[in-house]
Amino acid sequence: ALRDMGYLNFDEPFKSLVHQGVILGPDGMRMSKSKGNVIAPDPYVEEYGSDALRWYMITNSAPWDNLKFDIEGVKEVTRSFFGKLFQTYSFLSMYANVDNWCYEEEDVPMSERPEMDRWIISCLNSLVREVESCYEDYEPTRAGRLIQSFIVDNVSNWFVRLSRKRFWGSAMSTDKLSAYQTLYTCLETVAKLMAPIAPYFADRLYRDLCEATGRDNKSVHLSKFPVADETCIDREKELCMQLAQQVTSMVLSLRKKEDIIVRQPLQRIAIPATDTAQQQRIASMQHLILEEVNVKELKFVGNEDGVLVKRVKPDFKKLGPKYGKIMKALAAQVVAMSQKDIIEFEKNGKFAFNVDGTEAIVELADVEVISEDIPGWLVANEGSLTVALDITVTDELKREGIARELVNRIQNIRKDKDFNITDKIAVKVSANENTDAAVAEYKD
């Protein structure tokens, strides 16, 4: 079908696969018949599908740039983007079939939707606006990357994971209905946005969604391209959630560093906010952050709390050309900066030093700010954001962790036995001195 439509020319492998730059092999060498390193696309189309191959090639580099082709990249696109997108559709389909939901109700007003729904709808409309602009400017590479990031980072890894419990309730509450309508809207809109790059997958996704709800009986390629609703875009809400995602990612990486699984609750996170705006944004998302990382408290700290210790390491390659003669003395002053000065440095993005009567303005890009771990805590730093995690596990926290581990084991058995999510099960737990206290305390 691709050959008949002119997408592929198997006599000139890859050359006309909507890519005009030079195709390079994984080793960076130009593909050439004379070199014998040409790869025919048909086996990969057969195994991974034409859309996965096209998505990889278009999002990997702009059509006018050279492309270093690596089949591992096609596998990653298949797993991450198309895999996540299919899992999200399957999640919606599974619960919609249980509830016999087919989008017959009126749309829940945006003002009555939970914060999570208003956020993802804001991101969706921002995405529509940006993707349309990319297509208008002949930038399919950026358009594809934006769509992929939205599905993987915002929809699958965040919205769906934090909204799972909303789909469990037996009654069709306003909250549950909003969750259904919001997720459906995201998938239907993404199908339209991705159609120019992945025409077959997009059409199947769109048809499966619309046939179940009766909202459309045409191909996605005959539907109207989405138009951004500017009234739904809340940039401040997007920035707040972006900070929440960043804090969550940093805390989870600290857990992984110490091999503390997420099911084991921890007591507190400490964050030294660089300014009032950052503190307010994080505070507004505090409940989401704590639930996602399984930590009890989040507190904002100052230098006087003694929780965080930072030091600054000069980048001699950057500072050398600027301040060659005074480099040694300047570096000594940078290393000797006080905690108060470092906080001021991070806040303003630059700091003025006086070296033997010469003023030297050092920028954050000229140094590396390092957060040091202190006993009982792990610290991570990304740009102006610093997060400290209390990794002390008390007996009380340990009992709760055991209870959560038991729940996980039971859920795995339920899955292995092919029980439906609606099946009621009876559970018997053998007496064990390592688990009895946790079972008794968290039985409910």
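In this report, we go over the structure that sits alongside the text. (Residues numbered from 1 in each chain as written. Predicted model: local features only at pLDDT ≥ 70, side-chain atom pairs only at ≥ 80, totals over all residues. Heavy atoms only, no water.)

## Quick word on the overall build of the protein
And then number 1: A tally of helices and strands in the protein yields 16 helices and 10 strands.
And then number 2: Counting only C-alpha atoms and orienting by the principal axes, one finds that the protein spans roughly 75 × 70 × 45 Å.
And then number 3: Classification of the 444 residues of the protein by burial places 44% in the buried group.
And then number 4: Considering only intrachain contacts with a sequence separation of at least 6, the fraction spanning at least 24 residues in the protein is 70%. (Helix = DSSP H or I, 4+ residues; strand = E, 2+ residues; numbered from the N terminus. Buried < 20%, exposed > 50% of the residue type's maximum accessible area, 1.4 Å probe, protein only. Contact = heavy atoms within 4.5 Å.)

## Let's talk about helix H13 (residues 327–335)
And then number 1: Among all positions in H13, only Met327, Leu330, Ala331 and Val334 are buried. Around the axis of H13, the buried residues are gathered within 100° of arc, so they sit on the same side.
And then number 2: The secondary structure elements touched by the buried residues of H13 are strand S5 (309–314), helix H12 (316–322), strand S6 (350–355), strand S7 (358–363) and strand S8 (367–372). (Arc of directions from axis to C-beta.)

## Quick look at the sheet that holds strand S4 (residues 295–300)
Within a sheet, each strand pairs with its neighbour through backbone hydrogen bonds, oriented either parallel or antiparallel.
And then number 1: The strand order across the open sheet built from four strands is S4-S3-S10-S9, with neighbouring strands paired in mixed fashion. In the strand order of this sheet, the two ends are held by S4 and strand S9 (377–382), each with one partner. Neighbour to neighbour, the strand axes of the sheet diverge by 20° on average, direction disregarded.
And then number 2: Where strand S3 (residues 266–271) meets S4, five bridges bridge the pair, whose relative direction is parallel. (Pairing = 2+ DSSP bridges. Axes fitted to C-alpha atoms, helices over the stretch in contact; angles between N-to-C directions.)

## Remarks on the pattern of salt bridges
And then number 1: Considering all chains together, one arrives at 22 salt bridges under this definition.
And then number 2: A salt bridge links Glu230 to Arg129; its shortest N-O distance comes to 2.9 Å. Here Arg129 lies in helix H5 (residues 115–136) and Glu230 lies in the loop between helix H8 (199–213) and helix H9 (235–258), a separation of 101 residues in the sequence.
And then number 3: Here Arg129 falls in the partly exposed class, since its relative accessible area comes to 37%.
And then number 4: In this structure, Glu238 and Arg235 form a salt bridge, with 3.3 Å as the shortest nitrogen-oxygen distance. Placement of both Glu238 and Arg235 in helix H9 is noted, with a separation of three residues, approximately one turn of the helix.
And then number 5: For Glu238, a relative accessible area of 8% puts it in the buried group.
And then number 6: Salt bridges sharing common partners tie together Asp117, Arg166 and Asp175. (Salt bridge = Lys/Arg side-chain N within 4 Å of Asp/Glu carboxyl O.)

## Quick look at H8
And then number 1: Taking 1.5 Å per residue as the helical rise, H8 with its 15 residues ought to reach 21 Å, and the 21 Å between its terminal C-alpha atoms agrees with that figure.
And then number 2: Pro199, Ala202, Asp203, Leu205, Tyr206, Leu209, Cys210 and Thr213 are the residues of H8 that are buried. For H8, the angular spread of buried residues about the axis comes to 165°, placing them on one side. Along H8, exposed side chains directed more than 90 degrees from the buried face belong to Arg204, Glu211 and Ala212.
And then number 3: As for H8, its buried residues are in contact with helix H3 (50–60), helix H4 (71–99) and helix H7 (174–194). (Expected span 1.5 Å × (residues − 1).)

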